[in-house]
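Coordinate inspection notes
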Amino acid sequence: MPEMTSSVAAFVGGDGERSPALTLPAGVDLTAKLGRLTLKNPVTVASGTFGYGHEFHRFYDISQLGAVMVKGTTLHPRAGNKPPRVVETPAGMLNAIGLQNPGVDEVIRTELPWLVSVGATAIVNIAGHSVDEYGEIARRLDSVPGVAAIEINISCPNVDQGGMAFGVHCPSAAAVVSGVRRATKLPIITKLTPNVTDIGEVARAVVDAGSDMLSLINTLVGMVIDIERRRPVLGNTVGGLSGPAVRPVALKMVWDVARQVKVPIIGLGGIVTAPDAIQFLLAGASAVSIGTANFADPLAPLDVIEGIAAYLAAHGHRGVAEIVGAANPGFLGSRP
Ligand SMILES: Cc1cc2nc3c(=O)[nH]c(=O)nc-3n(C[C@H](O)[C@H](O)[C@H](O)COP(=O)(O)O)c2cc1C
């Protein structure tokens, strides 16, 4: 991933190694208001790229993040797909993890209390094989302390049943959201797949079904073939493409969706630096998520938070909301 090389060098002890504490300019309020979900800043970390945060908390205090979107959580434990599960691609990576996770009850028993104990804001990403299963996971999470919101993953390309299959058709996407809506009073974020002809159509369907917010994008389906073995590299044959390679596609999708729905959007896909993140905010995202960049530079989200604050200060803004959708003439959401 060429764009990440310099930040890796910095992290491993080269020039410019950064402090694990944030330095923010005075007079800028980074609070991100996403409907009834308020985050201390607009920078979250993407599901599946941050585990539950343990490894990253050794590098910095993860309560400084807007939120931690935890790994996709299913009703029962999942071992995930057979290896290899990850392969590097130009300016990106392809993964087929297959939703490895310990199951919702274990997440409630151990991971969420830990995230609460370190002061992190936790958003739980959920995935199921059926509408009922999504509803059941949401019901179990409904009254658990420390869950700020549920992110519905109807966009995972790496599982046989469920996952992305729900997110590529409006009726099934809406049915999952309605089922979760009935099961919980928590704010619902629906995570959309880019693997569709018209992402705006799915966005409108899930908002009509009761989704409070949207996040986009999940990974783009792709593959890599080993030419000597003449076999696909990934054990799952196909995987999901992420990292800087997908950023222009993700940005365009956020731009399009922000013109079609009024609900807050969390933008993600290939964000590495603050200027990347600011593009998503200007396109109409109210917050952003850092995914693959965490693997190359665990401190990347802190640089992004500071860079957004510096940009706001340099342009005379007092808060993030002032720039949300500012580059998008068709932006439908609200700004102060
Ligand atoms: C290794 C890996 C695992 C992922 N697992 C999940 C997951 O469990 N649930 C989910 O909704 N998205 C998952 N994603 C997708 C990311 O959250 C994100 O949507 C995508 O990678 C695009 O952002 P990025 O380019 O910043 O990584 C995963 C991505 C990667 C690279």
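Look up a bit, the structure's there.
So, a few notes on the structure that sits alongside this text. (Residues numbered from 1 in each chain as written. Predicted model: local features only at pLDDT ≥ 70, side-chain atom pairs only at ≥ 80, totals over all residues. Heavy atoms only, no water.)

Describing the packing of aromatic side chains
The full count for this structure, using the stated rule, is two aromatic pairs. A ring pair is formed by Tyr 134 and Phe 166, whose centres lie 5.5 Å apart and whose planes are at 90°; its orientation type is edge-to-face. Taken together, the residues Tyr 134 in helix 4 (residues 131-141) and Phe 166 in helix 5 (residues 164-167) connect sequence positions 32 residues apart. Exposure class is identical for Tyr 134 and Phe 166. Each is buried. (Phe/Tyr/Trp six-rings, centres within 6.5 Å; stacked < 30°, edge-to-face > 60°. Helix = DSSP H or I, 4+ residues; strand = E, 2+ residues; numbered from the N terminus. Buried < 20%, exposed > 50% of the residue type's maximum accessible area, 1.4 Å probe, protein only.)

Concerning the site of the ligand
Around the ligand sit 23 residues, and of these Ser 47, Lys 191, Gly 243, Gly 270 and Thr 292 come closest. One of the backbone nitrogen or oxygen atoms of Ile 217 is found 2.9 Å away from an oxygen atom of the ligand. Within the contact set of the ligand, an oxygen atom lies 3.4 Å away from a side-chain nitrogen or oxygen of Asn 218. If the ligand stood free it would expose 610 Å²; the protein chains cover 97% of that surface. One can see that the ligand is located within the largest pocket. Breaking the shell around the ligand down by element, the ones donating at least two residues are strand 4 (67-73) and strand 6 (92-95). Residues belonging to the shell around the ligand are distributed by class as follows: six nonpolar, 15 polar and two charged. (Near = heavy atom within 4 Å. Polar contact = N/O pair within 3.5 Å; in protein donor to acceptor, adjacent residues only side chain to side chain. Areas by Shrake-Rupley, 256 points an atom, 1.4 Å probe, with all protein chains shown as cover. 1 Å grid on protein atoms, 1.4 Å probe; cavity = no way out; pocket = protein on both sides within 12 Å on 5 of 7 lines; lining within 4 Å. Sits in = over half its atoms within 2 Å of the grid points. Nonpolar A, V, L, I, M, F, W, Y, C, P; charged D, E, K, R; others polar.)

What about the sheet that holds strand 15 (residues 265-268)?
Read once around its circumference, the closed barrel built from eight strands follows the order 3-4-7-8-9-10-15-16, with strand pairing classed as parallel. Looking at each pair of strands side by side, their axes are set apart by 25° on average, direction ignored. Where strand 3 (residues 43-45) meets strand 16 (residues 287-290), three bridges bridge the pair, whose relative direction is parallel. The residue bridging Val 43 from the neighbouring strand is Val 288, located in strand 16. (Pairing = 2+ DSSP bridges. Axes fitted to C-alpha atoms, helices over the stretch in contact; angles between N-to-C directions.)

Re unusual backbone geometry
Residue Pro 84 is bonded to the preceding Pro 83 through a cis peptide linkage, with omega at -10°. Looking at where Pro 84 falls in the secondary structure, it is placed in the loop between strand 4 and strand 5 (86-89). At the junction of Leu 216 and Ile 217, the peptide bond is cis and its omega measures out at 15° in the coordinates. By secondary structure assignment, the location of Ile 217 is in the loop between strand 10 (213-216) and strand 11 (220-222).

Here we look at the layout of surface pockets
In this structure, the largest pocket occupies an estimated 750 Å³ of space. In this structure, the largest pocket is lined by 45 residues; those nearest its centre are Ser 47, Gly 48, Thr 49, Lys 71 and Asn 95. When residues of the lining of the largest pocket are traced back to their parent elements, those giving at least two are helix 2 (54-57), strand 4, strand 6, strand 14 (239-242) and helix 10 (293-296). Here the element with the most residues in the lining of the largest pocket is helix 2; it accounts for three residues. (Points joined across faces, edges and corners; volume = space filled by probe spheres on them.)

Let's talk about the pairing of strand 10
With burial as the criterion, each face of strand 10 is covered, one bearing Met 213 and Ser 215 and the other bearing Leu 214 and Leu 216. Where strand 9 (residues 188-191) meets strand 10, three bridges bridge the pair, whose relative direction is parallel. Note on strand 10: the bridge partner recorded for Thr 190 is Leu 214. As for the winding sense of the linkage, the β-α-β connection from strand 9 through helix 7 (residues 199-208) to strand 10 is right-handed. Pairing of strand 10 with strand 15 involves three bridges; the strand directions are parallel. Across the sheet, the residue bridging to Leu 214 is Ile 265, located in strand 15. (Right-handed = clockwise from strand over helix to strand, strands pointing away.)

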